[in-house]
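Below are the chains, spelled out letter by letter.
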Number of protein chains: 2
Amino acid sequence: MAARAVATERPKTRMRILAACRRLFNERGPAAVTTAEIAASVGINEGNLYYHFQRKEQIVEALFAEFEHGFRDVAAAYSPGADDPRHYRDYFAGWFNLMWEWRFFYRDGAAVDRMAPRLRRHLKALADDGQAQVRRVLHGMAAAALIRASPQEIEMLVVNGWIIATYWIDYLRSRHGIAAIRREHIDWGAAQAMGLFLPYLTPRGRAVVELARSATA
Amino acid sequence: MAARAVATERPKTRMRILAACRRLFNERGPAAVTTAEIAASVGINEGNLYYHFQRKEQIVEALFAEFEHGFRDVAAAYSPGADDPRHYRDYFAGWFNLMWEWRFFYRDGAAVDRMAPRLRRHLKALADDGQAQVRRVLHGMAAAALIRASPQEIEMLVVNGWIIATYWIDYLRSRHGIAAIRREHIDWGAAQAMGLFLPYLTPRGRAVVELARSATA
DNA sequence: GTCTATAATGAGATAGAC
DNA sequence: GTCTATCTCATTATAGAC
């Protein structure tokens, strides 16, 4: 959300290009959007586009840098030791919001990988951090008596929860033919992921689910 | 597995093309494999390739037809009313085998969709049938006292299990950087999906998990 | 059925004027 | 920074000889 102007940088067109690409990529995936289309969408000439980004790959990399910032912000939103169910609800909602804002990275992972192979190690590092963070949060929920689960069970929940959240958007496309993702579809995914935790919730923990269900975000 | 020669059909080259494409697509995705590469891989000329398939899209469609047969075979392997844990183990292993043999359809869903849009409704119909079948199987397991779960809980398990199974391969790529999928990775996925059921298993049901773990397939 | 051309396309990318 | 014009190139696809 913040402007995030990097030092000497000030060009407005560059930002408009990135904003347009994020929108277009989220709609149809980076592989299906041509540079001509991007330029037209921004209202500039294709040559001008190549002044700002010499390779299409660089656009993807620049967008990834933004995504990375958002990712780390979401991960950092957890307060260790928290025992208010609302805190956990907000934390998980943060992940689904991020997923919504950068859904092409989730839905078109294979295409992104082919297009910008240098991102692979960054993506992996990001997933490492994010998953470690979710693991800490689940242990925190166990400590706060919101869930009752062994370390092995928590490990299973981390991985399965990660997969459900990550691929929910593509699941909607392939299973329900939903191409235009709306906010309600993301909320639906959050509820589906919650299902994983149901058998492990303590009475206090059920409050997290109830709060999430009644949230209007 | 069966020859599946369709009536008047007998050309060997066509089959070699399809076999090569299945291998290449599984390795790197249909979008990243060119017709020149396919022809070279088969050991024929590119013009000859276009004699057999006028459009690349038709190759994908022909492969999908094979996949569809395999899919329905797997779905049909369930014996209603079975209460032998081994039957359920074999049934679920069948799904993961199919996933292994046709992994590009799972991993590159978006690319397949762009390349052969006519497949969309077929894919959806297939997923409808498959999921309905898995639902029946879970109800069967409940009836056989292998799991104890309400209809709502079964519904959650069907969807979450479907997602874990479907996207396991891409998860390995994005999370662990595994590009070359091997059989052991598929077994790992099956074990991960099993984690979903753990809280719902009856003592008898645990035998399914134990059997799956000790299976060498 | 298979080959040797070669056409047709369309995408990414560059040069240089303004 | 932005534009016009052009290039390169990979890829799909076709025509026609053998």
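Because the structure is a prediction, the values reported are computed rather than measured.

Quick notes on the protein's contact with DNA strand C
- Taken together, 15 residues lie near DNA strand C, and Thr35(A), Tyr50(A), Lys56(A), Asn45(B) and His52(B) sit nearest.
- Protein-proximal atoms of DNA strand C, defined as those within 4 Å of the protein, fall in sugar or phosphate at a share of 75%.
- Here Arg55(A) contributes a side-chain N or O atom positioned 3.2 Å from a phosphate oxygen of DNA strand C.
- At 3.0 Å from a phosphate oxygen of DNA strand C is found a side-chain nitrogen or oxygen belonging to His52(B).
- Mapped by element, the contributors of at least two residues to the surface near DNA strand C are helix H3 (46-52) of chain A together with helix H3 (46-52) of chain B.

What to know about the domain arrangement of chain A
Residues and elements named next belong to chain A.
- Domain boundaries in chain A define domain 1 (1-54) and domain 2 (60-212).
- The centre of domain 1, based on its C-alpha atoms, is set 27 Å off from the matching centre of domain 2.
- At the junction of the two partners, domain 1 supplies 14 residues and domain 2 supplies 15 residues.
- Interface of domain 1 and domain 2: buried area, both sides summed, is about 1,200 Å²; carbon and sulfur atoms make up 62% of it.
- Our count for the contact surface shared by domain 1 and domain 2 stands at six residue pairs in polar contact (both at pLDDT 80 or more).
- Considered class by class, the residues forming the side of domain 1 that touches domain 2 number seven nonpolar, two polar and five charged.

Overview of the side chain of Glu61(A)
Residue and element names in this part refer to chain A.
- Mapped onto the fold, glutamate 61 is located in helix H4 (residues 56-76).
- Glutamate 61 gets classed as buried once you look at its relative accessible area, which sits at 17%.
- A distance of 2.7 Å separates a polar atom in the side chain of glutamate 61 from a polar atom in the side chain of arginine 118.

Quick word on the protein's contact with DNA strand D
- The environment of DNA strand D is formed by 17 residues, the closest being Asn45(A), His52(A), Thr35(B), Glu46(B) and Tyr50(B).
- Sugar and phosphate atoms form 73% of the subset of DNA strand D atoms that lie within 4 Å of the protein.
- The contact in question runs from a phosphate oxygen of DNA strand D to an N or O atom on the side chain of Tyr51(A), over 3.0 Å.
- A distance of 3.3 Å separates a phosphate oxygen of DNA strand D from a polar side-chain atom of Arg55(B).
- If you list the elements that add at least two residues to the surface near DNA strand D, you get H3 of chain A together with H3 of chain B.
- Per-element tally for the surface near DNA strand D: the top contributor is H3(A), with four residues.
- Classifying every residue of the surface near DNA strand D by side-chain character gives five nonpolar, nine polar and three charged.

Quick notes on the rules
Residues numbered from 1 in each chain as written. Chains lettered and ligands numbered in written order. Predicted model: local features only at pLDDT ≥ 70, side-chain atom pairs only at ≥ 80, totals over all residues. Heavy atoms only, no water. Near = heavy atom within 4 Å. Polar contact = N/O pair within 3.5 Å; in protein donor to acceptor, adjacent residues only side chain to side chain. Helix = DSSP H or I, 4+ residues; strand = E, 2+ residues; numbered from the N terminus. Domains from an automatic or database assignment. Contact = heavy atoms within 4.5 Å. Buried area = accessible area lost by both parts, 1.4 Å probe. Nonpolar A, V, L, I, M, F, W, Y, C, P; charged D, E, K, R; others polar. Buried < 20%, exposed > 50% of the residue type's maximum accessible area, 1.4 Å probe, protein only.

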